[in-house]
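What follows is each chain in one-letter form.
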Amino acid sequence: GMRLSTKLGAHVLPGIFPQISSTDIRQRLLLGNSVKGHLTDNVSKEINSRGLYGVGIRRQLKSELTSGRYLHTLTVSRNAINLAIRHGFDPEQAGFAGLLHDCGRAIPIPKMADFIRSKKIPFPAFLKTAQRSPMLLHAHISEFRARTAYGIRDKTILSAIRKHTLGDMAMSPFERLLYVADASAYSGATEIRAASRKNLDKSFALAVRGKIADVIDRRQWLHPAATGVCSEALEHL
(Lines give C-alpha, C1' and ligand atoms only; values in the text may rest on other atoms or scores of the structure.)
Protein backbone atom coordinates (compact mmCIF):
# COMPACT_ATOMS: atom_id res chain seq x y z
CA GLY A 1 0.00 0.00 0.00
CA MET A 2 2.87 2.32 0.90
CA ARG A 3 4.56 1.98 -2.52
CA LEU A 4 1.29 2.43 -4.40
CA SER A 5 0.36 5.63 -2.55
CA THR A 6 3.74 7.30 -3.07
CA LYS A 7 3.50 6.38 -6.75
CA LEU A 8 0.18 8.28 -6.90
CA GLY A 9 1.87 11.29 -5.29
CA ALA A 10 0.25 10.81 -1.86
CA HIS A 11 2.13 11.09 1.43
CA VAL A 12 1.44 8.46 4.05
CA LEU A 13 1.33 9.97 7.54
CA PRO A 14 2.46 7.85 10.47
CA GLY A 15 0.08 7.56 13.41
CA ILE A 16 -3.35 6.35 14.50
CA PHE A 17 -6.27 8.53 13.46
CA PRO A 18 -9.82 8.59 14.84
CA GLN A 19 -12.58 6.95 12.80
CA ILE A 20 -14.70 10.07 12.43
CA SER A 21 -15.52 12.36 9.53
CA SER A 22 -16.20 16.09 9.48
CA THR A 23 -19.73 15.21 8.25
CA ASP A 24 -20.30 13.14 11.38
CA ILE A 25 -19.02 15.97 13.60
CA ARG A 26 -21.36 18.47 11.89
CA GLN A 27 -24.31 16.11 12.41
CA ARG A 28 -23.44 15.73 16.10
CA LEU A 29 -23.29 19.53 16.48
CA LEU A 30 -26.64 19.91 14.68
CA LEU A 31 -28.33 17.43 17.04
CA GLY A 32 -26.55 18.60 20.18
CA ASN A 33 -24.65 15.33 20.62
CA SER A 34 -21.22 15.29 22.27
CA VAL A 35 -18.14 16.10 20.17
CA LYS A 36 -15.82 15.77 23.17
CA GLY A 37 -12.41 14.50 22.16
CA HIS A 38 -13.05 15.25 18.48
CA LEU A 39 -12.53 19.03 18.51
CA THR A 40 -10.05 21.21 20.36
CA ASP A 41 -11.48 23.52 23.05
CA ASN A 42 -10.73 26.59 20.93
CA VAL A 43 -12.66 25.23 17.94
CA SER A 44 -15.60 24.19 20.16
CA LYS A 45 -15.68 27.67 21.76
CA GLU A 46 -15.63 29.35 18.35
CA ILE A 47 -18.47 27.14 17.05
CA ASN A 48 -20.57 27.83 20.16
CA SER A 49 -19.98 31.59 20.25
CA ARG A 50 -20.82 31.96 16.54
CA GLY A 51 -23.63 29.39 16.63
CA LEU A 52 -22.24 27.51 13.63
CA TYR A 53 -23.45 24.18 12.16
CA GLY A 54 -26.96 24.55 13.57
CA VAL A 55 -25.80 25.23 17.15
CA GLY A 56 -27.33 28.74 17.10
CA ILE A 57 -30.54 27.48 15.51
CA ARG A 58 -30.87 24.79 18.18
CA ARG A 59 -30.26 27.34 20.92
CA GLN A 60 -32.97 29.64 19.55
CA LEU A 61 -35.44 26.77 19.13
CA LYS A 62 -34.84 25.59 22.69
CA SER A 63 -35.71 29.06 23.98
CA GLU A 64 -38.87 29.36 21.81
CA LEU A 65 -40.47 25.90 21.97
CA THR A 66 -41.85 23.85 24.84
CA SER A 67 -39.42 21.17 26.02
CA GLY A 68 -41.64 18.42 24.53
CA ARG A 69 -41.79 20.15 21.14
CA TYR A 70 -38.02 20.77 21.22
CA LEU A 71 -37.32 17.06 21.90
CA HIS A 72 -39.73 16.11 19.08
CA THR A 73 -37.76 18.47 16.82
CA LEU A 74 -34.46 16.72 17.63
CA THR A 75 -36.05 13.30 17.00
CA VAL A 76 -37.40 14.40 13.61
CA SER A 77 -34.02 15.89 12.69
CA ARG A 78 -32.26 12.63 13.64
CA ASN A 79 -34.83 10.60 11.67
CA ALA A 80 -34.38 12.86 8.64
CA ILE A 81 -30.57 12.55 8.75
CA ASN A 82 -30.75 8.74 9.01
CA LEU A 83 -33.24 8.52 6.12
CA ALA A 84 -31.11 10.87 4.01
CA ILE A 85 -28.00 8.71 4.56
CA ARG A 86 -29.97 5.55 3.79
CA HIS A 87 -31.69 6.85 0.64
CA GLY A 88 -28.97 9.05 -0.85
CA PHE A 89 -30.07 12.60 0.05
CA ASP A 90 -28.03 15.40 1.60
CA PRO A 91 -27.97 14.67 5.37
CA GLU A 92 -27.26 18.30 6.21
CA GLN A 93 -30.29 19.60 4.29
CA ALA A 94 -32.39 16.88 5.92
CA GLY A 95 -31.08 17.72 9.39
CA PHE A 96 -31.89 21.43 9.03
CA ALA A 97 -35.35 20.68 7.59
CA GLY A 98 -36.06 18.42 10.58
CA LEU A 99 -34.73 20.96 13.04
CA LEU A 100 -36.93 23.77 11.72
CA HIS A 101 -40.05 21.90 10.58
CA ASP A 102 -42.01 22.99 13.69
CA CYS A 103 -40.41 26.38 14.41
CA GLY A 104 -43.85 27.91 13.69
CA ARG A 105 -45.10 26.26 16.88
CA ALA A 106 -43.45 29.15 18.75
CA ILE A 107 -46.64 31.04 17.78
CA PRO A 108 -49.51 29.94 20.09
CA ILE A 109 -52.33 28.16 18.18
CA PRO A 110 -54.97 30.87 18.93
CA LYS A 111 -52.63 33.47 17.35
CA MET A 112 -51.69 31.49 14.22
CA ALA A 113 -54.50 32.83 12.02
CA ASP A 114 -53.58 36.44 12.87
CA PHE A 115 -49.93 35.67 12.13
CA ILE A 116 -50.82 34.26 8.68
CA ARG A 117 -52.98 37.35 7.96
CA SER A 118 -50.47 39.91 9.16
CA LYS A 119 -47.58 38.35 7.19
CA LYS A 120 -49.81 37.75 4.12
CA ILE A 121 -48.76 34.10 3.91
CA PRO A 122 -50.74 32.29 1.17
CA PHE A 123 -52.66 29.34 2.61
CA PRO A 124 -55.21 27.01 0.92
CA ALA A 125 -58.76 27.21 2.35
CA PHE A 126 -57.48 29.69 4.94
CA LEU A 127 -60.80 30.86 6.47
CA LYS A 128 -62.13 27.35 6.95
CA THR A 129 -58.81 26.15 8.40
CA ALA A 130 -58.62 29.10 10.81
CA GLN A 131 -62.15 28.30 11.96
CA ARG A 132 -62.05 24.47 12.03
CA SER A 133 -58.43 23.46 12.69
CA PRO A 134 -56.00 26.37 13.18
CA MET A 135 -53.14 24.06 14.20
CA LEU A 136 -52.87 23.06 10.53
CA LEU A 137 -51.55 26.56 9.84
CA HIS A 138 -48.26 25.87 11.63
CA ALA A 139 -46.26 24.37 8.73
CA HIS A 140 -46.68 27.47 6.55
CA ILE A 141 -45.75 29.63 9.55
CA SER A 142 -42.71 27.38 10.11
CA GLU A 143 -41.57 27.92 6.52
CA PHE A 144 -41.99 31.70 6.90
CA ARG A 145 -40.08 31.77 10.21
CA ALA A 146 -37.34 29.41 8.96
CA ARG A 147 -36.71 32.03 6.26
CA THR A 148 -37.15 35.21 8.28
CA ALA A 149 -36.22 34.36 11.89
CA TYR A 150 -33.64 31.64 11.12
CA GLY A 151 -32.13 32.87 7.85
CA ILE A 152 -32.74 29.72 5.78
CA ARG A 153 -32.46 30.45 2.05
CA ASP A 154 -32.41 26.89 0.71
CA LYS A 155 -35.69 26.39 -1.22
CA THR A 156 -35.47 22.60 -0.90
CA ILE A 157 -35.52 22.90 2.90
CA LEU A 158 -38.22 25.59 2.91
CA SER A 159 -40.70 23.74 0.66
CA ALA A 160 -40.25 20.50 2.65
CA ILE A 161 -41.07 22.42 5.85
CA ARG A 162 -44.17 23.96 4.24
CA LYS A 163 -45.48 20.58 3.06
CA HIS A 164 -44.76 18.44 6.14
CA THR A 165 -48.32 18.70 7.56
CA LEU A 166 -50.88 19.02 4.74
CA GLY A 167 -48.63 17.56 2.07
CA ASP A 168 -49.23 18.63 -1.52
CA MET A 169 -50.54 17.25 -4.82
CA ALA A 170 -46.93 16.96 -6.00
CA MET A 171 -44.27 16.05 -3.48
CA SER A 172 -40.60 15.56 -4.27
CA PRO A 173 -38.72 12.63 -2.71
CA PHE A 174 -37.02 15.05 -0.27
CA GLU A 175 -40.40 16.48 0.80
CA ARG A 176 -41.65 12.94 1.37
CA LEU A 177 -38.57 12.22 3.44
CA LEU A 178 -39.36 15.04 5.91
CA TYR A 179 -43.06 14.06 6.02
CA VAL A 180 -42.01 10.49 6.94
CA ALA A 181 -39.34 11.64 9.42
CA ASP A 182 -42.04 13.62 11.24
CA ALA A 183 -44.67 10.84 11.13
CA SER A 184 -42.07 8.30 12.36
CA ALA A 185 -41.40 10.35 15.50
CA TYR A 186 -44.76 9.52 17.05
CA SER A 187 -45.43 6.43 19.15
CA GLY A 188 -47.38 3.78 17.28
CA ALA A 189 -45.55 4.53 14.01
CA THR A 190 -43.73 1.17 14.00
CA GLU A 191 -44.98 0.18 10.53
CA ILE A 192 -44.04 3.57 9.02
CA ARG A 193 -40.57 3.39 10.64
CA ALA A 194 -39.93 -0.15 9.40
CA ALA A 195 -41.07 0.69 5.85
CA SER A 196 -38.99 3.90 5.77
CA ARG A 197 -35.76 1.92 6.02
CA LYS A 198 -36.54 0.08 2.79
CA ASN A 199 -38.95 2.16 0.72
CA LEU A 200 -39.59 5.87 1.13
CA ASP A 201 -42.68 5.92 -1.12
CA LYS A 202 -44.34 3.09 0.76
CA SER A 203 -43.63 4.67 4.16
CA PHE A 204 -44.96 8.00 2.83
CA ALA A 205 -48.17 6.29 1.73
CA LEU A 206 -48.53 4.64 5.16
CA ALA A 207 -47.94 8.00 6.89
CA VAL A 208 -50.58 9.76 4.75
CA ARG A 209 -53.07 6.93 5.28
CA GLY A 210 -52.42 6.97 9.04
CA LYS A 211 -52.86 10.73 9.29
CA ILE A 212 -56.16 10.74 7.34
CA ALA A 213 -57.52 7.72 9.25
CA ASP A 214 -56.68 9.49 12.52
CA VAL A 215 -58.57 12.65 11.46
CA ILE A 216 -61.61 10.57 10.49
CA ASP A 217 -61.48 8.44 13.67
CA ARG A 218 -61.39 11.55 15.83
CA ARG A 219 -64.21 13.10 13.79
CA GLN A 220 -62.08 16.11 13.00
CA TRP A 221 -62.21 18.32 9.92
CA LEU A 222 -60.26 16.93 6.94
CA HIS A 223 -58.47 19.69 5.00
CA PRO A 224 -59.32 19.58 1.24
CA ALA A 225 -55.60 19.39 0.37
CA ALA A 226 -55.44 15.99 2.09
CA THR A 227 -57.48 14.28 -0.62
CA GLY A 228 -54.95 15.32 -3.29
CA VAL A 229 -52.04 14.01 -1.25
CA CYS A 230 -53.96 10.85 -0.57
CA SER A 231 -54.56 10.01 -4.25
CA GLU A 232 -50.89 10.71 -5.00
CA ALA A 233 -49.54 8.65 -2.06
CA LEU A 234 -51.79 5.61 -2.01
CA GLU A 235 -50.56 4.36 -5.38
CA HIS A 236 -47.53 3.12 -3.44
CA LEU A 237 -49.37 0.94 -0.92
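Every value quoted in this text rests on a predicted model; they were computed, and no experiment measured them. (Residues numbered from 1 in each chain as written. Predicted model: local features only at pLDDT ≥ 70, side-chain atom pairs only at ≥ 80, totals over all residues. Heavy atoms only, no water.)

Side note on the overall build of the chain
Here is step 1: Along the backbone of the chain there are 14 helices and zero strands.
Here is step 2: Ordered by position in the sequence, the α and β elements of the chain form the string α-α-α-α-α-α-α-α-α-α-α-α-α-α.
Here is step 3: The burial tally for the chain puts 45% of its 237 residues in the buried class.
Here is step 4: Carbon together with sulfur atoms contributes 54% to the accessible area of the chain, which is approximately 13200 Å² in total. (Helix = DSSP H or I, 4+ residues; strand = E, 2+ residues; numbered from the N terminus. Buried < 20%, exposed > 50% of the residue type's maximum accessible area, 1.4 Å probe, protein only. Areas by Shrake-Rupley, 256 points an atom, 1.4 Å probe, with all protein chains shown as cover.)

Notes on the side chain of E175
Here is step 1: For E175, the location among the structural elements is in helix α11 (residues 173-183).
Here is step 2: Among residues more than four places away in sequence, those in contact with E175 are S159, A160, K163 and A170. (Contact = heavy atoms within 4.5 Å.)

Description of unusual backbone geometry
Here is step 1: Located in the positive-phi region is A125, a residue other than glycine, with phi close to 50°.
Here is step 2: Along the chain, the position of A125 falls in the loop between α7 (109-118) and α8 (126-132).
Here is step 3: Here the phi dihedral of R219 falls at roughly 55°; this positive angle occurs in a residue that is not glycine.
Here is step 4: Its place among the elements puts R219 in the loop between α13 (200-217) and α14 (225-233).

Comments concerning the nonpolar core
Here is step 1: In this structure, I57, L61, L100, I152, F204 and V208 are the most contacted members of the largest nonpolar core, which totals 44 residues.
Here is step 2: Those elements that place two or more of their residues in this core are α4 (55-64), α5 (67-87), α6 (91-100), α10 (155-162), α11, α12 (190-198), α13 and α14.
Here is step 3: Apart from residues no more than four positions distant in its own chain, L61 is found in contact with Y70, T73, L99, L100, C103 and Y150. (Core = buried A, V, L, I, M, F, W, Y, C linked by side-chain atoms within 4.5 Å.)

Section: α10
Here is step 1: Taken together, the buried positions of α10 are occupied by I157, L158, S159, A160 and I161.
Here is step 2: In this structure, the buried side of α10 is in contact with α6, α9 (138-148) and α11.
Here is step 3: The N-capping residue of α10, defined by a side-chain oxygen 2.9 Å from the backbone nitrogen of T156, is D154. (Polar contact = N/O pair within 3.5 Å; in protein donor to acceptor, adjacent residues only side chain to side chain.)

Concerning the environment of F144
Here is step 1: Mapped onto the elements of the fold, F144 is located in helix α9.
Here is step 2: A relative accessible area of 16% means that F144 is categorised as buried.
Here is step 3: F144 sits 41 residues away from C103 along the chain, and the two C-alpha atoms are 9.3 Å apart.
Here is step 4: With residues near it in sequence (within four places) discarded, F144 still touches F115, K119 and I121.

Structural notes on the pattern of salt bridges
Here is step 1: Applying the stated criterion across every chain yields a total of eight salt bridges.
Here is step 2: One salt bridge in this structure joins D102 and R69, with 2.7 Å as the shortest N-O distance. Note that D102 is positioned in the loop between α6 and α7 and R69 in helix α5, a separation of 33 residues in sequence.
Here is step 3: Residue R69 is classed as buried on the basis of its relative accessible area, which comes to 18%.
Here is step 4: Of the charged contacts in the structure, one is a salt bridge between D201 and R176, with a shortest N-O distance of 2.9 Å. Of this pair, D201 sits in helix α13 while R176 sits in helix α11; the two residues are 25 residues apart in sequence, bridging distant segments of the chain. (Salt bridge = Lys/Arg side-chain N within 4 Å of Asp/Glu carboxyl O.)

Re the packing of aromatic side chains
Here is step 1: Tallying each qualifying case throughout the model produces three aromatic pairs.
Here is step 2: With 5.7 Å between their ring centres and 80° between their planes, F115 and F144 make a pair best called edge-to-face. Note that F115 is positioned in helix α7 and F144 in helix α9, a separation of 29 residues in sequence.
Here is step 3: Accessibility expressed as a relative area gives 13% for F115, which makes it buried. (Phe/Tyr/Trp six-rings, centres within 6.5 Å; stacked < 30°, edge-to-face > 60°.)

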